[in-house]
Amino acid sequence: MRPLPALSALLVLLLASACTTGPALEDRGGVTAPPGDSKHLTIGSAGFTESDLLAQMYAALLGRAGYSTKIISVSNREIYEPALESGQIDVVPEYAATFADWLNARKNGADAAPVGSPDLAATMRALRVLAEPRGLTVLDPGRAVDQNAFAVAAPYAAKHRLKTLSDLGRSGLPVRLAAGDECVQRPYCAPGLRKTYGIRVTAVDPKGVGTTQAKRAVQKGQDQMVLTTTTDATLDAFGLVLLADDKHLQNADYLVPVVNRSRAGGEGVRKALGKLNTVLTTADLARLDERVDSWRRLPEDVARAYLESKKLIRP
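Residues numbered from 1 in each chain as written. Predicted model: local features only at pLDDT ≥ 70, side-chain atom pairs only at ≥ 80, totals over all residues. Heavy atoms only, no water.

Asker: Before we move on, could you go through the pattern of salt bridges and cite the residues and values that matter?
Answerer: Summed over the entire model, instances satisfying the criterion amount to 14 salt bridges. As a salt-bridge pair, Arg 134 and Glu 85 come within 2.7 Å of each other at their nearest N and O atoms. In this pair, Arg 134 sits in the loop between helix H5 (120-131) and strand E4 (136-138) while Glu 85 sits in helix H3 (residues 77-86), placing the two residues 49 residues apart along the sequence. With respect to class, Arg 134 is no different from Glu 85; both count as buried. Across the pair Glu 267 and Arg 270 runs a salt bridge, and its minimum N-O distance is 3.9 Å. In this pair, Glu 267 and Arg 270 both sit in helix H11 (residues 267-274), three residues apart, roughly one turn of the helix. Among the charged side chains, a network of salt bridges with common partners joins Glu 81, Glu 85, Arg 106 and Arg 134. (Salt bridge = Lys/Arg side-chain N within 4 Å of Asp/Glu carboxyl O. Helix = DSSP H or I, 4+ residues; strand = E, 2+ residues; numbered from the N terminus. Buried < 20%, exposed > 50% of the residue type's maximum accessible area, 1.4 Å probe, protein only.)

Asker: Provide a residue-level description of the pairing of strand E10 (residues 255-260), including the pertinent values.
Answerer: Burial analysis of E10 places six of its six residues in the buried class, the great majority of the element. Here E10 shows two buried faces, one formed by Leu 255, Pro 257 and Val 259 and the other by Val 256, Val 258 and Asn 260. Both E4 and E10 contribute to a ladder of three bridges, which runs antiparallel. By the bridge assignment, Leu 136 is partnered in E10 with Asn 260. (Pairing = 2+ DSSP bridges.)

Asker: Go over unusual backbone geometry with me, naming the residues and quoting the values.
Answerer: Although it is not a glycine, His 248 sits at a positive phi angle of roughly 55°. In this fold, His 248 is placed in the loop between strand E9 (240-243) and E10. A positive phi is found at Arg 296, a non-glycine position, where the angle reads about 65°. Relative to the helices and strands, Arg 296 is located in the loop between helix H12 (282-293) and helix H13 (299-309).

Asker: Describe the layout of surface pockets, and please don't skip the residues or the numbers.
Answerer: Each pocket or cavity is described by its volume, and for the largest pocket that value is around 1600 Å³. Thr 98, Asp 146, Asn 148, Thr 229 and Asp 253 are the residues nearest the centre of the largest pocket, which is lined by 43 residues in total. Contributing elements (two or more residues each) for the lining of the largest pocket: helix H2 (49-64), H3, strand E3 (91-95), helix H4 (96-108), strand E8 (225-229) and H12. A per-class count over the lining of the largest pocket returns 14 nonpolar, 15 polar and 14 charged. (1 Å grid on protein atoms, 1.4 Å probe; cavity = no way out; pocket = protein on both sides within 12 Å on 5 of 7 lines; lining within 4 Å. Points joined across faces, edges and corners; volume = space filled by probe spheres on them. Nonpolar A, V, L, I, M, F, W, Y, C, P; charged D, E, K, R; others polar.)

Printed below as a string of structure tokens:
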């Protein structure tokens, strides 16, 4: 992620609000007021390429629907989520399973059993139950998902006829995995690969998640597989290919807009942002990320060009 930008006056206000000691919204009773429809909306970005792109797409779609918008970048969820509850931020792009688990931990403690799962419907139900008492509305997920994923060198995949993680498990090949330190214990990583797929993970090489160093280690054959994400647009440059998660080890981290109900919970926002759901795919998102990260295009320009190509906004 990018470093946190210089604090504007608004960001200072968000920081102050996040540190206040009033009762949490989930302790203030049920939400009974009708959803709001403010025509002046603040969109939050988490400060990394994908979030910036989505925020720009949200702004363009809402602008096309008659809303005026501004975007602020706050890279810390501990800051932007309370600001979303208070209405200082009105809309943010989120990831269903990750956000569900984050809200669950905030409500029930860090040791609470996860509520996010590979089942999108179950994850969305859990997320909405957690979000609603906080005055938040979770809109419908689209087609794009940014999950953890595993890649191998293309020649290695071709040699051993590997297309899925199940194929790798059946092969019985020993696998040294380039990933973060936490992969040793995380259920979606080494333990899950062993249990779900029977993959012989012999060691975890702590080179980070999707880092250049980790990908080069797999490219050179020092490691056999790397933990990355489904929207990693740099795999071709390293000669790597993803193996399909055919048994659904990873959680349903589909992209979902989350809005402040009292300001942006109306049908206008829902319809405007819902237009993205039928067109934006995981592959699209990877290509858009690449244009910003590798081609050095501005997120605003990339987002607008994509929406124009899909005829969601006018040139």
